[in-house]
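Here's the letter readout for the chains.
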Amino acid sequence: EKSTEVKKPDSGNRKIVGEAYKPTYNSQEQGVVVVFITVDKNGNVIAANGPYKGSTTSDSYLIQAAKEAALKTKFDGITSGGNQYGTITYRFELR
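What you see is a predicted model, and the numbers here were worked out from it, not measured in a lab. (Residues numbered from 1 in each chain as written. Predicted model: local features only at pLDDT ≥ 70, side-chain atom pairs only at ≥ 80, totals over all residues. Heavy atoms only, no water.)

1. Quick look at the overall build of the chain
A tally of regular secondary structure across the chain gives one helix and four strands. For the chain, restricting intrachain contacts to residue pairs at least 6 apart in sequence, the fraction spanning at least 24 positions comes to 76%. Put simply, the chain shows about 5,400 Å² of open surface, and 44% of that area lies on carbon and sulfur atoms. (Helix = DSSP H or I, 4+ residues; strand = E, 2+ residues; numbered from the N terminus. Contact = heavy atoms within 4.5 Å. Areas by Shrake-Rupley, 256 points an atom, 1.4 Å probe, with all protein chains shown as cover.)

2. Here we look at the nonpolar core
Nonpolar side chains tend toward joint burial in soluble globular proteins. Counting 17 residues, the largest nonpolar core has V33, V35, I37, A66, A70, Y90 and F92 as its most contacted members. When contributions to this core are tallied by element, the ones reaching two or more residues are β2 (31–39), β3 (45–49), α1 (60–72) and β4 (84–92). If one sorts the elements of this core by residue count, α1 sits on top with six residues. (Core = buried A, V, L, I, M, F, W, Y, C linked by side-chain atoms within 4.5 Å. Buried < 20%, exposed > 50% of the residue type's maximum accessible area, 1.4 Å probe, protein only.)

3. Some details on the environment of G81
Structurally, the position occupied by G81 is in the loop between α1 and β4. A relative accessible area of 54% places G81 in the exposed class. Between the C-alpha atom of G81 and that of D40, which follows or precedes it by 41 residues, the distance is 9.1 Å.

4. Quick look at the confidence of the model for the chain
On average, the chain scores 84 in pLDDT, and the residues at 70 or more come to 86%. The least confident element of the chain is strand β1 (residues 2–6), whose mean pLDDT is 55; the most confident is β3, at 96. (pLDDT = per-residue confidence, 0-100.)

Set out below in structure tokens:
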């Protein structure tokens, strides 16, 4: 089982539409993967890079699962301005 913590984009009050997409993974590895995201004005995550500062694992499988989940997460749109940037933190824990 895994838990997910989401940190909002740094530059505003944008909210996630629904819930943060939770990664699916089939691994016995654990750790934290912080993904740096770019969100366009329509609320789409258009880039996800990691591991970012704060990550505690370099496991490529967990990093890929976190990036894929981040790209499926949707934020509310904005009427003005450009892209916004922030992070999503995924904690992969075995329970």
